[in-house]
Amino acid sequence: KMQQEFENDHFTYDGRKIHKWFGNQRERLKAYQPELSQYLICEKILKQCPPNLEHAIKSRYKRDATEMSFEDMVIIAEEVIDRVMKRNKPVTNNYNTPNRSQWRSNPAPEKTDKPTDSSTKKNPVSAPEKEKLICHFCKQTGHFSRECPKKKNRINNVGMDDDDDPKSENGEDQGEQQKSESELDEEEENHRTNHMILAMDNGNGANYDPLVDFDFGAHAVECEINQDFSIAEIQAETHQPQTWDKSCQSSHIEDARLMKCKPDKGKAHLTGKANLTTVLIESREQSCLLDSGASCSIISNKLLDSILPEWENKLMPINHAKFHSCSDQLQPMGIIEMALIFPHTKGSIRILAEFVVMKNARINYLILGNDYMSLYGFDITNSKERFFTIGNENKRKKFSFKSHHLEKMSPSNEISAVKKSLPQLQKFITEELCEAKFSDKLTIEQKEKLFEVLHNNNLAFSNTNQPLGAIKGHEVHIKLTTERPYPPLLRRPPYPASPKSREALEQQIEELVNLNVLRKVGHNEVVEITTPVIIAWHNGKSRMVGDFRALNSYTASDRYPIPKISETLNNLAKAKYLTSMDVLKGFHQNVIAEDSRHLLRIIMHKGIYEYLRMPFGIKNAPSHFQRMMDIEFRKEIDEKWVIIYIDDIIIMSNTWEEHLNRIDRILKVVINMNMKISLKKCNFGFDQIKALGHLVSGITIGIDQNKVAAVLQKPVPSSRKEMQSFLGFAGYYRQHIEKFAEIAKP
């Protein structure tokens, strides 16, 4: 009943209060659709209003239509209706001249002045005086420009009859008027091509509605049309999507602004992310790729077997069409219709989509193509944040993409070659191990055993849920050589930064806060020591660096020995299998003791933050980490089959069974420490690896050619400081350069 009353009650101005009608309609909507949002309530109520009123309300709302509240809608409606009702009066211009209807009945208006006598009036203008009158439009005498017949012919006669032409006032016959009109035909023809006349005339009829019929009187609007404008230029001027063609000319070229830090050259393809999200089908989670470049939505028959076992009974026929992927021609089997639910805590969204079932599609996720993305209004944002929205009414519901590289690329050959095993193991192989590197020389049986060992110790590797570990039993303590009150040098102000550096700094801080590496210092906490931070740029990539020089000068030294790289690499002799691992952000996995956290506070334009984990750049950080690794892996190091240089771990062996056993032992120690290894930097089962800037095998130790290329690209040193920097870099490889001391001698 409420729904019927709502649909039958259309807005008309019958004297009742405006807000009362809007309030009644809202209560009716809430009675039978209580789950509606503010935006949908406003939309449904506006549909019950006249189209002109609906358009006027939406046009006057300055912000996004999805943000309109019920109160804003009622206020704007009252303003619009009040303005329309005020227009329901005779239209007069600012010069006290009659409108078009008055011109018809009074072709010769009389100019009146204040009479000296109530019984006397001024006589109308005589005929000789009228002959002196000049029309400013046609330059003829005898009439005003508003009565010009030539001007009337150039106006579209909307609601005007031909017999309403104004009569000549100077007594001249009709033939003379026609003659004067013919004299201007040539001039009229010249102006007709580049002028446009628009006439508007709507009088107050018997069915006049102030909400629909606005009284403009009779007005003529004349404008010149520039024929030089193209469609593309008009689109650009009106901020519409531009259709480019060869005839278009660009005025200037400007560089696009980077929204994120620029990757290193040759590595941009590693930073891209797929638009993979999670959908629910039959209450089961599935991965879905939002692909705006695909003309249709597809699914593989193998994936469909796991989702809908009886899908063949629901298969619809497909018309003759050809489908191509980047590598092969796809074989369509038919069309299946499925309901996809995009989960959200504030209300999930369900869409009904048809997928083309492909027989030879090598994908284990659904592809939602441009057909349904445009149908339901999917908008993907790739600026500072990555998210997508569905439809105009759900702009506030932002759906995120999968942050890890799940199914970002098809499994590598060595992983896909392994036959199917346990579901948990198979999931670990396809989702996690796709980021690691495995030697091509390993057999399938060797890989299967290696995957089992890694799966049994999967807690040692970082993932999206636990990106960083918190190492137990090795808290970082900092001892200063001075006591309170601390010298002013330790309390430093923030460094100035450019807008670009500030933006990058805010991103770095936000990331570290989310990783529980930093925390914001409260306003009631005493701050005694502050360290400024800066953004260092290298090849367009930013990195936050703390200027701990003042703090390091007052820190007591921890003189723990760091292994020599040359001696360390020599221990790899005669190794047949080599595996290297890298601790993910190793220093940030060391917890700072509570009594030392107040010493590691950084200051920037957004406030003061405190390190909860060990930062890069402080004194004794390498010594502390190396001591911790030596203590935890003391037994393995004494057996001389593992090399640990700060956060790099290298395992070597002569047989594969022995190698698997040693990998298992190392990973178990890592788990006991609550430390996390980065799979992206792991290399398993190679006979030659890159380690510590060298190319190492069981036979030789070479130089990493990437480092050599970097040296060749450097300019010749032109100052003492540049020469010292070059000699320090070259000295790192002095064992590979014959007579290095003689060459480097000044």
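Residues numbered from 1 in each chain as written. Predicted model: local features only at pLDDT ≥ 70, side-chain atom pairs only at ≥ 80, totals over all residues. Heavy atoms only, no water.

**Q** Kindly report on the overall build of the protein, identifying the contributing residues and their values.
**A** Looking only at helices and strands, the protein has 25 helices and 26 strands in total. Considering the protein as a whole, with its 746 residues, one finds that 37% of them fall into the buried category. In the protein, once contacts between residues fewer than 6 apart in sequence are set aside, the share between residues at least 24 apart is 67%. For the protein, the exposed surface amounts to about 47100 Å²; the carbon and sulfur share of it is 50%. (Helix = DSSP H or I, 4+ residues; strand = E, 2+ residues; numbered from the N terminus. Buried < 20%, exposed > 50% of the residue type's maximum accessible area, 1.4 Å probe, protein only. Contact = heavy atoms within 4.5 Å. Areas by Shrake-Rupley, 256 points an atom, 1.4 Å probe, with all protein chains shown as cover.)

**Q** An account of the nonpolar core is needed here, citing residue identities and associated values.
**A** Of all hydrophobic cores here, the largest spans 72 residues; its most connected members are Leu454 and Met629. Broken down by element, the residue count for this core peaks at eight residues, all from helix α22 (residues 656-673). In this view, Leu454 contacts Phe428, Leu433, Phe438, Phe461, Ile663, Leu667 and Phe684; residues no more than four positions away in its chain are not counted. Leu308, Ile336, Ile349 and Ile390 belong to the second-largest nonpolar core, a separate cluster that totals 28 residues. (Core = buried A, V, L, I, M, F, W, Y, C linked by side-chain atoms within 4.5 Å.)

**Q** Any chance you could break down the sheet that holds strand β23 (residues 683-686) for me, citing the residues and the numbers?
**A** If you trace the five strands from one edge of the open sheet to the other, you get β14-β23-β18-β22-β21, paired in mixed fashion. The sheet is open, and its two edges are formed by β14 (437-438) and β21 (642-645), each paired on a single side. The sheet contact formed by β14 and β23 spans two bridges and is parallel. For Phe438, the partnering residue across the bridge sits in β23 and is Phe684. This element, α22, spans β18 (577-582), β21, β22 (648-653) and β23 of the sheet and lies at about 150 degrees to β22. (Pairing = 2+ DSSP bridges. Axes fitted to C-alpha atoms, helices over the stretch in contact; angles between N-to-C directions.)

**Q** Got a sec to walk through a nonpolar patch on the surface? Specific residues and values, please.
**A** A cluster of nonpolar residues, Met723, Phe726 and Leu727, forms a patch on the protein surface that exposes about 230 Å² of accessible area. Checked against the element boundaries, Phe726 lands in helix α24 (residues 720-731). For Phe726, a relative accessible area of 33% translates into the label partly exposed. (Patch = residues over 30% accessible without salt bridge, like charges linked within 9 Å, V, L, I, M, F, W, Y side chains within 5 Å. Salt bridge = Lys/Arg side-chain N within 4 Å of Asp/Glu carboxyl O.)

**Q** Got a sec to walk through the pattern of salt bridges? Specific residues and values, please.
**A** Scanning the model with the defined rule gives 20 salt bridges in all. A salt bridge links Lys441 to Asp687, with the shortest nitrogen-to-oxygen separation between them at 2.8 Å. Within this pair, whereas Lys441 is found in the loop between β14 and α16 (444-456), its partner Asp687 is found in the loop between β23 and β24 (688-691), the two being separated by 246 residues in sequence. The exposure class assigned to Asp687 is partly exposed, which follows from its relative accessible area of 34%. The shortest N-O distance in the salt bridge between Glu639 and Arg665 comes to 3.2 Å. Here Arg665 lies in helix α22 and Glu639 lies in the loop between α21 (634-638) and β21, a separation of 26 residues in the sequence. It is possible to trace a salt-bridge network through shared partners that takes in Glu43, Lys47, Glu54 and Lys58.

**Q** Please give an account of the confidence of the model for the protein that cites residues and values.
**A** Per-residue confidence for the protein gives a mean pLDDT of 76; residues scoring 70 or more make up 69%. Mean pLDDT values for the elements of the protein range from 42 in helix α14 (residues 413-416) up to 93 in strand β20 (residues 607-611). Within the model, pLDDT remains below 50 along residues 91-123, and this stretch shows 22 contacts once partners closer than five positions in the same chain are excluded. Predicted confidence for residues 211-227 stays below pLDDT 50, and this span has 52 contacts to residues more than four positions away or in other chains. (pLDDT = per-residue confidence, 0-100.)

**Q** Could you give an account of the sheet that holds strand β12 (residues 386-390), with specific residues and numbers?
**A** Spatially, β11-β12-β13 is the arrangement adopted by the three strands of the open sheet, whose pairing is antiparallel. Only two strands of the sheet have a single partner each, and these edge strands are β11 (378-382) and β13 (399-400).

**Q** An account of the pairing of β23 is requested, with residue identities and associated values reported.
**A** Where β18 and β23 come together, two bridges link them in antiparallel fashion. Paired with Ser580 across the strands is Asn683, a residue of β23.

**Q** So what about unusual backbone geometry? Which residues, and what values?
**A** In this structure, Pro485 follows Arg484 across a cis peptide bond, with omega equal to -5 degrees. Tracing the sequence through the fold places Pro485 in the loop between α16 and α17 (499-514). A positive phi angle is found at Ile646, which is not glycine, with a value near 55 degrees. Exposure remark for Ile646: the relative accessible area of 15% places this residue in the buried category. Phi is positive for Asn674, which is not a glycine, with a value near 65 degrees. Among the structural elements, Asn674 can be located in the loop between α22 and β23.

**Q** Explain the packing of aromatic side chains to me, and be specific about the residues and the numbers.
**A** On inspection of all chains with the given rule, the structure shows 15 aromatic pairs. Between Phe11 and Trp21, the aromatic rings sit 5.1 Å apart at their centres with planes inclined by 70 degrees, giving edge-to-face as the arrangement. Taken together, the residues span a long stretch of sequence, with Phe11 in the loop between α1 (2-8) and α2 (18-32) and Trp21 in helix α2 at a distance of ten residues. The exposure class assigned to Phe11 is buried, which follows from its relative accessible area of 4%. Given the relative accessible area of 1%, Trp21 is considered buried. Aromatic side chains Phe587 and Phe616 sit 5.0 Å apart centroid to centroid with 25 degrees between the ring planes, which places their arrangement in the stacked category. Highlighted residues: Phe587 in the loop between β18 and β19 (601-604) and Phe616 in the loop between β20 and α20 (621-632), separated in sequence by 29 residues. (Phe/Tyr/Trp six-rings, centres within 6.5 Å; stacked < 30°, edge-to-face > 60°.)

**Q** I'd like a rundown of the side chain of His659, residues and numbers included.
**A** Summarising the element assignment, His659 is placed in helix α22. Taking relative accessible area as the criterion, His659 reaches 0% and is therefore assigned buried. At a separation of 2.7 Å, a polar atom in the side chain of His659 contacts the side chain of Ser653. Not counting residues up to four positions away in its chain, the partners in contact with His659 are Tyr577, Leu578, Thr579, Ile651, Met652, Ser653 and Gly685. (Polar contact = N/O pair within 3.5 Å; in protein donor to acceptor, adjacent residues only side chain to side chain.)

**Q** Describe in detail the environment of Cys682, supporting the description with residues and values.
**A** Within the fold, Cys682 resides in the loop between α22 and β23. Using a relative accessible area of 0% as the deciding quantity, one classes Cys682 as buried. Beyond its immediate chain neighbours, meaning those up to four positions away, Cys682 contacts Ala436, Lys437, Ser580, Met581 and Ile677.

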